[in-house]
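So the chains spell out like this:
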Amino acid sequence: MFTLYTDATTDSDRILSAAGILILHDGQQTQLKAVLPDGDNHQAEFHAAITGFEKLVTIAGDSATASSVLYYTDSKIVADSVAKQYAKHYQPLVDQLLALQAKFSVVVTNWVPEKQNQGAHNLAQQALKQHRADVDR
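Here is a short report on the structure shown in this document. Note that the structure is predicted; figures quoted are calculated from it, not measured.

Now for the pairing of strand 1 (residues 2-11). Of all 10 residues making up strand 1, nine are buried, and the element is well covered by its neighbours. Bridge analysis of strand 1 against strand 4 (residues 68-73) gives five bridges, and the strand direction is parallel. In the sheet register, Thr-3 faces strand 4, and the bridge partner there is Leu-70. Sheet topology note: the strand 1/strand 2 (residues 16-25) ladder contains nine bridges and is antiparallel. Opposite Tyr-5, over in strand 2, you have Leu-22 as the bridge partner.

As structure tokens, then:
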């Protein structure tokens, strides 16, 4: 079983986004940061989830199809869209996320308040800070 936490943060003035990804498996913790495509915060949350599942597919390798995932996000739109398999303005991103989730035997998506997603949140904040610094160079 894998546990995945994702979060995104966006600098709306500069339209910069970054993700924090936390993966737990067999007592091991993997912390990842990623720069995301430009866009609004909802898009960033979908991209964070997609990036998280892409990384998880790589980590799981051939065992992905036999693995379960507990997925946690503090984005209501991501959690609701996965449950409905639909998002009016973000359907291509929903489809991409669902295709990645389909690589696992079971994925349980859970919405959590931001305070329960601090690991991924802190990683996203660190990634955005670095992204701003890189852009300013």
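Having seen the model, we can carry on.
Before going further, it helps to examine helix 1 (residues 41-60). Owing to its 3.6 residues per turn, the α-helix brings residues three or four apart onto one side. Between its first and last C-alpha atoms helix 1 spans 28 Å; for 20 residues at 1.5 Å apiece the expected length is 28 Å, and the two agree. For helix 1, the set of buried residues is Ala-44, Glu-45, Phe-46, His-47, Ala-48, Ala-49, Ile-50, Thr-51, Gly-52, Phe-53, Leu-56 and Ala-60. The N-cap of helix 1, judged by a side-chain oxygen 3.0 Å from the amide nitrogen of His-42 a few residues on, is Asp-40.

Inspection of every chain in the model, using the stated rule, returns three salt bridges. Among the ionic pairs, Arg-132 bridges to Asp-11, the shortest N-O distance being 2.9 Å. Remark: Asp-11 occurs in strand 1 and Arg-132 occurs in helix 4 (residues 118-136); sequence separation between them is 121 residues. For Arg-132, a relative accessible area of 30% translates into the label partly exposed. Salt-bridge contacts for Asp-136 lead to Arg-14; the nearest nitrogen and oxygen are separated by 2.5 Å. Taken together, the residues span a long stretch of sequence, with Asp-136 in helix 4 and Arg-14 in the loop between strand 1 and strand 2 at a distance of 122 residues. On the basis of relative accessibility, which here comes to 33%, the residue Arg-14 falls in the partly exposed class.

Right, let's talk about the nonpolar core for a bit. In this structure, Leu-4, Phe-53, Leu-56 and Val-69 are the most contacted members of the largest nonpolar core, which totals 23 residues. Listed by contribution, the elements that provide at least two residues to this core are strand 1, strand 2, helix 1, strand 4, helix 2 (76-84) and helix 3 (91-101). In terms of residue count, helix 1 provides more of this core than any other element does, six residues in total. Excluding residues within four positions of it along the chain, Val-69 makes contact with Phe-2, Leu-4, Phe-53, Leu-56, Phe-104, Val-106, Val-107 and Val-108. Of all hydrophobic cores here, the second largest spans six residues; its members include Ala-8, Ala-19, Ala-34 and Leu-36.

Read across the open sheet, the five strands follow the order 3-2-1-4-5; overall the sheet is mixed. In the strand order of this sheet, the two ends are held by strand 3 (28-36) and strand 5 (106-111), each with one partner. Averaged over all neighbouring strand pairs, the angle between strand axes comes to 20 degrees, with direction disregarded. Packed onto the sheet, helix 4 meets strand 1, strand 2 and strand 3 and runs at close to 145 degrees relative to strand 2.

Taking 1.5 Å per residue, 19 residues should reach 27 Å; helix 4 reaches 27 Å between its end C-alpha atoms and fits that length. Among all positions of helix 4, only Ala-120, His-121, Leu-123, Ala-124, Ala-127, Leu-128 and His-131 are buried. Each buried residue of helix 4 lies within a common arc of 160 degrees when the element is viewed along its axis, so the set occupies one face. More than 90 degrees from the buried face of helix 4, the exposed residues found are Lys-129 and Asp-136.

Conventions used here
- Residues numbered from 1 in each chain as written.
- Predicted model: local features only at pLDDT ≥ 70, side-chain atom pairs only at ≥ 80, totals over all residues.
- Heavy atoms only, no water.
- Buried < 20%, exposed > 50% of the residue type's maximum accessible area, 1.4 Å probe, protein only.
- Helix = DSSP H or I, 4+ residues; strand = E, 2+ residues; numbered from the N terminus.
- Pairing = 2+ DSSP bridges.
- Expected span 1.5 Å × (residues − 1).
- Polar contact = N/O pair within 3.5 Å; in protein donor to acceptor, adjacent residues only side chain to side chain.
- Salt bridge = Lys/Arg side-chain N within 4 Å of Asp/Glu carboxyl O.
- Core = buried A, V, L, I, M, F, W, Y, C linked by side-chain atoms within 4.5 Å.
- Contact = heavy atoms within 4.5 Å.
- Axes fitted to C-alpha atoms, helices over the stretch in contact; angles between N-to-C directions.
- Arc of directions from axis to C-beta.

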